[in-house]
Amino acid sequence: MKILESSAGALTNFEVLDLLRSRGAGKDPTCVIASVSPSEFKVFDYLEQTAACNQTKEIVHKFVDECKKYDLAKAEILNVVNMRPSSAVEVYTIIEECDSRMEEKIDEFVETIAQILPPPPSQEQPGEENAESKEESKEETAN
């Protein structure tokens, strides 16, 4: 990856993670194989635990296109992509003057986020954990 213009704009967490992957960052605990600094490995490890690790260029572009109908600023879209809010309360902290700008569309916007942007790896889908634990407890009682 070649830098064409420095300081051209803010990057999403996905873009930073993609850059670190292209430079060789990974799960190498010795940090010997890649030409990445220790601080870059720390950033990589952090971003691997966020929603950025499940995003793709196509997903981000699709979400940006969907946001056009909500008339959001670039910085607001960037923050939504990076933070991936899952409730209206979280959206209110990101969107300036959300009450007057979003009015009745806030629930629709939260639904758009949930449909397009993948959740972070630590965020379980509702019901998944319960179903797995029920199956495990059934197996334990059968043995």
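The structure displayed is predicted, hence computed values, not measured ones. Residue positions are counted from 1 within each chain, in the order its sequence is given. Local features in this predicted model are restricted to residues whose pLDDT is 70 or higher, and side-chain atom pairs enter the listing and the counts only when it is 80 or higher, whereas totals over whole chains, interfaces and linings include all residues. Neither water nor hydrogens contribute to the side-chain values; these are computed over all heavy atoms in the structure.

### Considering the overall build of the protein
Part 1 of the reasoning: The secondary structure listing takes helices from DSSP runs of H or I that are at least 4 residues long and strands from runs of E that are at least 2 residues long, numbered from the N terminus. If you tally the helices and strands in the protein, you get 8 helices and 0 strands.
Part 2 of the reasoning: The linear arrangement of helices and strands in the protein, starting from the amino end, is α-α-α-α-α-α-α-α.
Part 3 of the reasoning: Across the 143 residues in the protein, those meeting the buried criterion constitute 33%.
Part 4 of the reasoning: Residue contacts follow a heavy-atom distance rule, with two residues in contact if any of their heavy atoms lie within 4.5 Å. Taking as baseline every contact in the protein between residues at least 6 positions apart, the subset at least 24 positions apart corresponds to 59%.
Part 5 of the reasoning: Using a 1.4 Å probe, the Shrake-Rupley method yields the accessible areas, and only the shown protein chains count as cover for residues. When the accessible area of the protein is evaluated, it comes to approximately 9,900 Å², of which 51% is carbon and sulfur surface. Per-residue accessibility, obtained with a 1.4 Å probe over protein chains only, is compared with the maximum for each type, and a residue is labelled buried under 20%, exposed over 50%, and partly exposed between these values.

### Regarding the pattern of salt bridges
As a working rule, side chains carrying opposite charge can pair if their charged atoms are close by.
Part 1 of the reasoning: We count a salt bridge whenever a side-chain nitrogen from Lys or Arg sits within 4 Å of a carboxyl oxygen from Asp or Glu. Tallying each qualifying case throughout the model produces 5 salt bridges.
Part 2 of the reasoning: When the shortest N-O distance is used, the salt bridge between Arg21 and Glu48 registers 2.7 Å. Residue Arg21 is found in helix α1 (residues 13-22), and its partner Glu48 is found in the loop between α2 (38-47) and α3 (57-67); the two are separated by 27 residues along the sequence.
Part 3 of the reasoning: In this structure Arg21 comes out as partly exposed when scored by relative accessible area, which is 35%.
Part 4 of the reasoning: In this structure Glu48 comes out as buried when scored by relative accessible area, which is 18%.
Part 5 of the reasoning: Between Arg101 and Glu76 there is a salt bridge; the shortest N-O distance is 2.8 Å. Here Arg101, found in helix α6 (residues 98-102), pairs with Glu76, found in helix α4 (residues 74-83); they are 25 residues apart in sequence, far enough to count as distant.
Part 6 of the reasoning: On the basis of relative accessible area, Arg101 is assigned to the partly exposed category, the value being 29%.
Part 7 of the reasoning: A residue is classified by how much of its surface remains accessible, and Glu76, at 7% relative accessible area, is buried.
Part 8 of the reasoning: Within this structure, Glu66, Lys69 and Glu108 form a network of salt bridges that share partners.

### As for unusual backbone geometry
Part 1 of the reasoning: Phi is positive for Arg84, which is not a glycine, with a value near 45°.
Part 2 of the reasoning: Within the secondary structure, Arg84 is located in the loop between α4 and α5 (88-94).
Part 3 of the reasoning: Note on Arg84: relative accessible area 9%, which makes it buried.
Part 4 of the reasoning: A positive phi angle, near 50°, is found at Glu97, a position not held by glycine.
Part 5 of the reasoning: With respect to the helices, strands and loops of the structure, Glu97 is situated in the loop between α5 and α6.
Part 6 of the reasoning: Owing to a relative accessible area of 54%, Glu97 belongs among the exposed residues under this scheme.

### Thoughts on the confidence of the model for the protein
Part 1 of the reasoning: Here pLDDT means the predictor's own confidence in every residue, given as a number from 0 to 100. On average, the protein scores 80 in pLDDT, and the residues at 70 or more come to 74%.
Part 2 of the reasoning: The lowest-confidence element of the protein is helix α8 (residues 128-142), averaging 44 in pLDDT; the highest-confidence one is α4, averaging 94.
Part 3 of the reasoning: Across residues 127-143 the pLDDT falls below 50, and counting only partners more than four positions away or on other chains, this stretch makes 1 contact in the model.

### So, the nonpolar core
Part 1 of the reasoning: The criterion is simple. A nonpolar core is a set of buried Ala, Val, Leu, Ile, Met, Phe, Trp, Tyr and Cys residues joined through side-chain atoms within 4.5 Å. Core analysis: the largest hydrophobic core is formed by 29 residues, its most contacted members being Phe63, Leu72, Val80, Val91, Ile95, Met102 and Phe109.
Part 2 of the reasoning: The set of elements that each furnish at least two residues to this core consists of α1, α2, α3, α4, α5, α6 and α7 (106-116).
Part 3 of the reasoning: Here this core gets 5 residues from one element, more than from any other, and that element is α7.
Part 4 of the reasoning: When near neighbours in sequence (up to four residues on either side) are disregarded, Ile95 contacts Leu72, Glu76, Val80, Arg101 and Met102.

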